[in-house]
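Chain by chain, the residues run as shown.
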Amino acid sequence: MKLLIKLFIESKNIGKAINALSEGGISGFYIKEYAGLSPYDWQGFLLSEEPELAINFVKQLSQNTLLINAVVNMDIVPSIKEKIHERLEDEKYTMIMMPVLGMTINNPEMD
């Protein structure tokens, strides 16, 4: 079975995270940039319902974050978890694992 690993990190930790994933055995990944707030930063806030005010407020408080995604075989997940913990032990991160029910890859250059 394959799993999609989603690793949310602060932008400053991109090198540590990619090195950990590589050491854990991933063969490829893709990254999305986000501006986000952790639950601790967000706790107790209520936003204005005016869209521009809400957007400005979120922009002012948010941190630059990244989401690194990789599809892996289930058997290497323990190694990946161990390497992530070692490299990011003192950093904030969130790792989510989701089963991949199907996947189609089309790469004409490889045929």
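Criteria and thresholds
- Residues numbered from 1 in each chain as written.
- Predicted model: local features only at pLDDT ≥ 70, side-chain atom pairs only at ≥ 80, totals over all residues.
- Heavy atoms only, no water.
- Core = buried A, V, L, I, M, F, W, Y, C linked by side-chain atoms within 4.5 Å.
- Buried < 20%, exposed > 50% of the residue type's maximum accessible area, 1.4 Å probe, protein only.
- Helix = DSSP H or I, 4+ residues; strand = E, 2+ residues; numbered from the N terminus.
- Contact = heavy atoms within 4.5 Å.
- 1 Å grid on protein atoms, 1.4 Å probe; cavity = no way out; pocket = protein on both sides within 12 Å on 5 of 7 lines; lining within 4 Å.
- Points joined across faces, edges and corners; volume = space filled by probe spheres on them.
- Nonpolar A, V, L, I, M, F, W, Y, C, P; charged D, E, K, R; others polar.
- Expected span 1.5 Å × (residues − 1).
- Arc of directions from axis to C-beta.
- Pairing = 2+ DSSP bridges.
- Axes fitted to C-alpha atoms, helices over the stretch in contact; angles between N-to-C directions.

Time to look at the nonpolar core. Of all hydrophobic cores here, the largest spans 17 residues; its most connected members are Leu7, Ile9, Leu21, Ile68, Val72, Ile80 and Ile84. When residues of this core are traced back to their parent elements, those giving at least two are β1 (2-10), α1 (14-24), β3 (63-73) and α4 (77-88). Dropping the residues within four chain positions of it, Leu21 is found in contact with Leu7, Ile26, Ile68, Ile80 and Ile84.

A volume near 290 Å³ is recorded for the largest pocket. In terms of lining, the largest pocket is formed by 13 residues, of which the most central are Phe8, Ser38, Thr65, Lys92 and Thr94. Elements with a minimum of two residues in the lining of the largest pocket: β1, α2 (39-42), β3 and β4 (93-100). Top contributing element to the lining of the largest pocket by residue count: β1, with 3 residues. Looking at the lining of the largest pocket, its residues break down into 6 nonpolar, 5 polar and 2 charged.

A few words on α4. In a regular helix each residue adds 1.5 Å, so 12 residues correspond to 16 Å; α4 covers 16 Å between its end C-alpha atoms and thus fits that length. Val77, Ile80, Ile84 and Leu88 are the residues of α4 that are buried. The arc enclosing the buried residues of α4, seen along the axis, measures out at 60°, which places them on a common side.

Attention now goes to the sheet that holds β3. One key point about sheets: their strands pair by backbone hydrogen bonds, in either a parallel or an antiparallel sense. Sheet architecture is open: 4 strands sit in the order β2-β3-β1-β4, paired in antiparallel fashion. In this open sheet, the two edge strands, each paired with only one partner strand, are β2 (30-36) and β4. On average, adjacent strands in this sheet sit at an angle of 20° to one another, irrespective of strand direction. Bridging between β1 and β3 involves 9 bridges; their strand directions are antiparallel. Counterpart to Leu4 in the pairing with β3 is Val71. Packed on one face of the sheet, α1 meets β1, β2 and β3 and runs near 160° to β1. α4 contacts β1, β3 and β4 of the sheet and is inclined by roughly 170° relative to β4.

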